[in-house]
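Residue strings, one per chain:
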Amino acid sequence: MSRLELRHMRKAFGGLEVLADISLRVDAGEFVSILGPSGAGKSTLFQLLTGAEHGEGEMFFDGAPLDDHGRHFAFMPQRDALMPWRRILDNTTLGLEVQGLGRKAARTRVAPLFAEFGLAGFERHFPAQLSGGMRQRAALLRTVVQERDMLLLDEPFGALDALTRAAMQRWLEQMWRHHRWTALLITHDVREAVFLSDRIYVLSARPARVVREIQVPLPRPRDPTSAATRQAGVLEAEILDILLNLQPTKGHDHD
Amino acid sequence: MASSSFNPRQLAGFLAQAAPAVISIGLVLVAWELYANHSGIKPTVLPAPSRVFEQAMLNRDALLDNAIPTIRATLIGFACSLSAAFALSMLVDFFQPLRRALFPVFIVSQTLPLVAIAPLVVLWFGFGLTPKIMLVALVTFFPMLVALVQGYEATEVEIGQMLRAMGAGRWRVFILARLPSALPYFFAGLRISITYAVVGAIFAEYAGAAKGLGIYMLNAKNNFRPDLVLAAVGVSAALTLVLFGLTVVLQRLAMPWERAAGRRAARKGPQA
Ligand SMILES: Nc1ncnc2c1ncn2[C@@H]1O[C@H](COP(=O)(O)OP(=O)(O)OP(=O)(O)O)[C@@H](O)[C@H]1O
Ligand SMILES: [Mg+2]
């Protein structure tokens, strides 16, 4: 039985059809990516999962219809959504505080993780005093520490420069091997999807449907120097080909 | 890194920022002094700044005596309007339809000319503190309300979404995200309103009061003492500046993250 399963999800905003037909599943301990062009409706999919929006279709979690939103997912929005007025430590405890944990208990839970997330010594800093990569790690820490059943990561590294992004991808892969989170990642970076995922869903442009489901049979750790690199390259080229051959949409939007 | 002490470089920077204003005010005073002394204009029409200062010193007890009711009216009126604006801003934030029902009324209240309203309010509520408080509240309430409501709405959408996903209800979202997001707007509104507040109080006293800078100005004018009118103007200006400065200090204390973030922004110029 899958952890998360979506069957024929559809969503329109007014007259704008955003999601046409999305069916997918994520198994326990699996890292799955959703890859699709900008504006396809990827973030909208997460809004359906977190209950911010409602669509047609069926959603199941551990076999039960998904109704009580927010209990299963730790959600990391597309922008880091760190609160400028809270110090990093207090930003990372936010989810725990909302769950009803006392501030002190929340802090003791989060503090030991700062080293692992490369944030040791920055507990008392404000978000504006951190680099882009550190901010993303702080947002990620805020997400995983909630200890929900599943992570929803919306383009966690989209705003970073190429070098930082590559470093963050390696770091996340390593972290995932230790923790084996069940995770659903949104990205439009093909290399990132291949590097991190067990499986990839490729979406069409809006209105989005799943055009391909791709297994990533690469061994872990995903050492970028290993012999598997060539295999990864082939996979990346194949996916890129699919993305570029999606029927072109009128007025393709970027943001 | 985020030390709260006032270091010498900050002080130097502050002086450098204040210098142009000090110089221009100084130049105006010098020109005024020269004109008043050498053009043959009568001091009962335009007194020289030196005379204004001299008379202010001579009458400092009376000025102080009259400044205190003005300060009291300003602060009490402003506190009332602030509490009302805060309570109503929350209501409006939670029940959006209220906004459409109430805002037109408030906008109209802002178009009422003070000159007409002040005597009426005094007529209805007498010469005591009440009409002053009401007028101060009238001129400061709406700017504060708008600032707060706009501030709540400036909350980053992602933060709200994330909090809801964490399981936070509306009240939690308000306390954790919307309220802190409104702080910069709140302080911008505060700085504007506090100056209105002083003007409002003086206007109310002008329309009728036992004591206060407003009535003091009126009496001085009727006695052909423009020097004393100007002395009272100086006192009210000083009062406004002090209150303005207080809001700036308050903002620094309430928003320590701004300074942590603001090195780059601060160099661009004074914050709005
Ligand atoms: N609340 C909303 N109301 C109306 N339209 C919306 C809303 N949210 C999203 N949309 C529209 O839905 C479409 C898909 O948006 P979405 O944010 O899901 O795209 P995305 O795939 O995440 O894009 P990107 O990769 O650039 O983040 C866009 O055309 C957007 O304008
Ligand atoms: Mg998106």
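Residues numbered from 1 in each chain as written. Chains lettered and ligands numbered in written order. Predicted model: local features only at pLDDT ≥ 70, side-chain atom pairs only at ≥ 80, totals over all residues. Heavy atoms only, no water.

A word on the overall build of chain B. Along its length, chain B carries twelve helices and zero strands. For chain B, the α and β elements follow one another from N to C terminus as α-α-α-α-α-α-α-α-α-α-α-α. For chain B, the proportion of its 272 residues judged to be buried stands at 40%. Expressed as a percentage of contacts within chain B between residues at least 6 apart in sequence, the contacts between residues at least 24 apart total 73%. When the accessible surface of chain B is split by element, carbon and sulfur atoms take 71% of a total near 15100 Å². Positive and negative side-chain charges in chain B, numbering 22 and 11 respectively, have mean positions lying 5 Å apart. (Helix = DSSP H or I, 4+ residues; strand = E, 2+ residues; numbered from the N terminus. Buried < 20%, exposed > 50% of the residue type's maximum accessible area, 1.4 Å probe, protein only. Contact = heavy atoms within 4.5 Å. Areas by Shrake-Rupley, 256 points an atom, 1.4 Å probe, with all protein chains shown as cover. Lys, Arg positive; Asp, Glu negative; His and termini not counted. Charge placed at Lys NZ, Arg CZ, Asp CG, Glu CD.)

With 58 residues, the main nonpolar core has A:Met83, A:Leu94, B:Phe106, B:Leu145 and B:Leu163 as its most contacted residues. It is helix H8 (residues 170-206) of chain B that provides the largest number of residues to this core, a total of 13 residues. For A:Met83, the contacting residues outside a window of four places in its chain are A:Asn91, A:Leu94, A:Pro127, B:Ile159, B:Leu163, B:Leu176 and B:Ala177. Residues A:Phe31, A:Met168, A:Trp181 and A:Phe195 belong to the second largest nonpolar core, which totals 34 residues. (Core = buried A, V, L, I, M, F, W, Y, C linked by side-chain atoms within 4.5 Å.)

Right, let's talk about the packing of aromatic side chains for a bit. Applying the stated rule across the entire model yields 14 aromatic pairs over all chains. With a centroid separation of 6.2 Å and an interplanar angle of 85°, the aromatic rings of A:Phe46 and A:Phe75 are classed as edge-to-face. Here A:Phe75 lies in strand E6 (residues 73-76) and A:Phe46 lies in helix H1 (residues 42-50), a separation of 29 residues in the sequence. A relative accessible area of 1% means that A:Phe46 is categorised as buried. Judged by relative accessible area, A:Phe75 falls into the buried class, the value being 6%. When the centroid spacing of 6.1 Å and the interplanar angle of 35° are considered together, the rings of B:Phe94 and B:Trp171 count as tilted. (Phe/Tyr/Trp six-rings, centres within 6.5 Å; stacked < 30°, edge-to-face > 60°.)

Next up on the list: the interface of chain B and chain A. If you look at the interface, chain B gives 20 residues, while chain A gives 25 residues. At the boundary of chain B with chain A, total buried surface from both sides reaches about 2100 Å², with 68% on carbon and sulfur atoms. By the criterion of area lost to chain A, the three top residues of chain B are B:Met162, B:Met166 and B:Trp257, representing 29% of everything that side buries. A salt bridge links A:Arg79 to B:Glu158; the shortest N-O distance between them is 3.2 Å. Of all the secondary structure elements, the ones that give two or more residues to the side of chain B that touches chain A are helix H7 (157-166), H8 and helix H11 (256-261) of chain B. Counting residues per element, the side of chain B that touches chain A draws most heavily on H7(B), which supplies seven residues. (Buried area = accessible area lost by both parts, 1.4 Å probe. Salt bridge = Lys/Arg side-chain N within 4 Å of Asp/Glu carboxyl O.)

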